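Report on the structure
Here is what each chain is made of, one letter per residue.
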Amino acid sequence: AFFAAAAYRWSISERSPIVGAAGSCHMRAEHADADVVSTLLARGWCKARLPTDSAVTLTTALTTVGAALQSLHRFHQASDCARASFGALSVAAFSERAQLRYETNSSGNGASDENSSSLADMCTNASLVQASASSSAVLAEVAHAALSGLHTTLLSPAEAQSRLDAFWYPAAEPPSEAPEGGREGSVSGIPCPAHEDAGLLTVIVDNESALQVLSEAGSWLTVSLAPGECVLLAGRALERISRGKIAACTHRVCPASMSRTSLVFEALPCQVDVERCARLECAAAASGSAAERDAYERAATVLLGDNSATRGCAVM
């Protein structure tokens, strides 16, 4: 699906600061797009404040999707993996989480694991489909506005393929030993270890702080989103296409003391760029540590649209 034109504008504000960082990026109708571009160029991520109607849509979607995924997890948490899909919606439950994917260009007739009728029923639930579609449309406009502004500066893609992922995690205790800085590789108890996303741009909203970004100084900054705010993260495809002018944002997800729902909108390269970026990811997989090889191979799989990557580590 391609994004419709968006009328969003952006500004830098000192209000609602990121924990440990000064300033955040807010979206308001009266300001110019140059602010979000300069912030993404400077650090590879930024926060944005949404218009009231969009904020209400996302808050409602977080509630609807979170309740559905929590219910799904309750019934299937004993399974190593249970999944189902129908039309634009697919859902999966694992022992540690439940998740959903919404793709408007999906043409699948539907499939589910044996004895998982509840999964199949969820894929056709009208309120869940509507919540997924409406939140995807709002976050698509945010991503399109940012990509359009970056296109003017970098001649990077202004349009992209898209998909929405949603994740629900139960409350969890922080790991006893979590690194304070740098890339920790695989750490027990961290839902999603440090990584960069494979695509162009990721837009996230959540209801509990757990996402952290890596600063240039090597320290982790917790991204605390107030109601009506979202965060944008630059991906590796954007870094490659911009020839390094914008750096992919390294980030991770830490355990949250309360159950957490997140909506994660991913803007992926259009088909003309997908195979080129996937080849670069595969080439990167040929060197480095085992963890890095796994991350790059998974990124290539995600870019090529293989649903087997659903279980892989994504922004959550």
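Residues numbered from 1 in each chain as written. Predicted model: local features only at pLDDT ≥ 70, side-chain atom pairs only at ≥ 80, totals over all residues. Heavy atoms only, no water.

**Observations regarding the overall build of the protein**
Condition: Only DSSP runs of H or I with at least four residues qualify as helices, and only runs of E with at least two residues qualify as strands; both kinds are numbered from the N terminus onward. Only the protein chains shown count as covering a residue, and every accessible area follows the Shrake-Rupley method with a 1.4 Å probe.
From N to C terminus, the protein includes seven helices and 15 strands. Put simply, the protein shows about 13,500 Å² of open surface, and 51% of that area lies on carbon and sulfur atoms.

**Some points on the side chain of Asp165**
Quick reminder of the rule: Distance and chemistry together define a polar contact, namely a pair of N or O atoms within 3.5 Å, with one atom able to donate a hydrogen and the other to accept it when in protein, and with adjacent residues in sequence counting only for side-chain atoms on both sides. By definition in these notes, contact holds between two residues if any of their heavy atoms fall within 4.5 Å.
Residue position: Asp165 is located in strand β8 (residues 161-169). Reaching out from Asp165, the side chain makes a polar contact with the side chain of Arg101 at a distance of 2.7 Å. Those residues in contact with Asp165, other than ones at most four positions away along the chain, are Leu100, Arg101, Ser262, Leu263, Val264 and Glu266.

**Some words on the pairing of strand β6 (residues 98-102)**
Applied cut-off: Between buried and exposed lies partly exposed: a residue is buried under 20% and exposed over 50% of the maximum accessible area for its type, with that area taken using a 1.4 Å probe on protein chains only. Strands qualify as paired when DSSP identifies two bridges or more between them.
Along β6, five of the five residues are buried, which leaves the element largely enclosed by surrounding structure. With antiparallel pairing between neighbouring strands as the criterion, strand β5 (residues 89-93) and β6 make up a hairpin whose turn holds four residues. Where β6 lies against β8, five bridges are found, and the strand directions are antiparallel. Bridging across to β8, Tyr102 finds its partner in Leu164.

**So, the sheet that holds strand β12 (residues 220-222)**
Quick note on the threshold: With axes taken as lines fitted to C-alpha atoms, and helix axes fitted only over the stretch in contact, angles between N-to-C directions fall between 0 and 180 degrees.
The sheet built from four strands is open, its strands ordered β9-β14-β11-β12 with antiparallel pairing. Of all strands in the sheet, those with a lone pairing partner are β9 (192-195) and β12, marking the two edges. The sheet shows a mean angle of 20° between the axes of neighbouring strands, direction not considered. Where β9 and strand β14 (residues 251-253) come together, two bridges link them in antiparallel fashion. Bridge pairing in β14 links His195 to His251.

**Structural notes on the confidence of the model for the protein**
We count it as follows: Think of pLDDT as the predictor's per-residue confidence, scored from 0 to 100.
On average, residues of the protein score 75 in pLDDT, and 62% of them reach the 70 mark or higher. By mean pLDDT, strand β1 (residues 11-13) is the weakest element of the protein at 34, and strand β10 (residues 201-206) is the strongest at 96. Counting contacts from residues 1-32, a segment whose pLDDT is below 50, to residues more than four positions away or on other chains yields 109 contacts. Note on residues 302-316: pLDDT under 50 across the span, and 54 contacts to partners over four residues away in sequence or across chains.

**Some details on the pattern of salt bridges**
Keep this limit in mind: Each reported salt bridge corresponds to a side-chain nitrogen of Lys or Arg within 4 Å of a carboxyl oxygen of Asp or Glu.
Counted according to the given criterion, the structure contains eight salt bridges. Across the pair Glu266 and Arg163 runs a salt bridge whose closest N-O atoms are separated by 3.0 Å. You can see Glu266 sitting in strand β15 (residues 260-268) and its partner Arg163 sitting in strand β8, a full 103 residues away along the chain. If you follow the salt bridges from partner to partner, you end up with Arg101, Arg163, Asp165 and Glu266 in one network.

**Some remarks on helix α2 (residues 52-76)**
In plain terms, the rule: How far a helix is expected to stretch is found by multiplying one less than its residue total by 1.5 Å.
Here α2 is 25 residues long and its end C-alpha atoms lie 36 Å apart, about the 36 Å a rise of 1.5 Å per residue gives. Buried within α2 we find Ser54, Ala55, Leu58, Ala61, Leu62, Val65, Gly66, Ala68, Leu69, Leu72, His73 and His76.

**Re the nonpolar core**
As a reminder, the rule being used: Within this scheme, the nonpolar core is defined by two criteria: the residues are buried Ala, Val, Leu, Ile, Met, Phe, Trp, Tyr or Cys, and they are joined through side-chain atoms within 4.5 Å.
Ranked by size, the top nonpolar core spans 51 residues in total, and within it Leu40, Leu201, Leu232 and Leu263 carry the most contacts. Setting aside its immediate chain neighbours within four residues, Leu201 contacts Leu40, Ala143, Ala146, Leu147, Leu232, Leu233, Ala234, Gly235, Phe265, Glu266 and Ala267. Listed in part, the 17 residues of the second largest apolar core include Val223, Leu233, Cys249 and Ala256.

**Details of the pairing of strand β3 (residues 45-49)**
The buried fraction of β3 amounts to four of the five residues, a majority that puts the element mostly inside the structure. Bridging between β3 and strand β13 (residues 229-234) involves five bridges; their strand directions are antiparallel. Note on β13: the bridge partner recorded for Trp45 is Leu233.

**Things to note about unusual backbone geometry**
Unusually for a residue other than glycine, Arg243 sits at a positive phi of about 55°. For Arg243, the position within the fold is in the loop between α5 (236-241) and β14. Among the residues examined, Arg243 registers a relative accessible area of 78% and is labelled exposed.

**A word on helix α1 (residues 34-43)**
Selection criterion: What the arc describes is the spread of directions from the helix axis to the C-beta atoms.
All of the buried residues in α1 are Val36, Val37, Thr39 and Leu40. The arc that holds every buried residue of α1, seen down its axis, measures 165°, which confines them to one face. Opposite its buried face, α1 presents the exposed residues Ala34 and Ala42, each directed more than 90 degrees away. Following α1 by one or two positions, Gly44 has its phi on the positive side, about 80°.

**Some details on the environment of Leu201**
Position of Leu201 relative to the elements: it lies in strand β10. Each C-alpha atom, one on Leu201 and one on Cys249, is 9.7 Å from the other, the two residues being 48 residues apart in sequence.

**Considering the environment of Ser136**
Tracing the backbone through its elements, the reader meets Ser136 in helix α4 (residues 126-154). For the pair Ser136 and Ser162, spaced 26 residues apart in the sequence, the C-alpha separation amounts to 8.8 Å. Every residue in contact with Ser136, bar those within four places of it in the chain, is listed here: Tyr102, Leu164 and Phe265.

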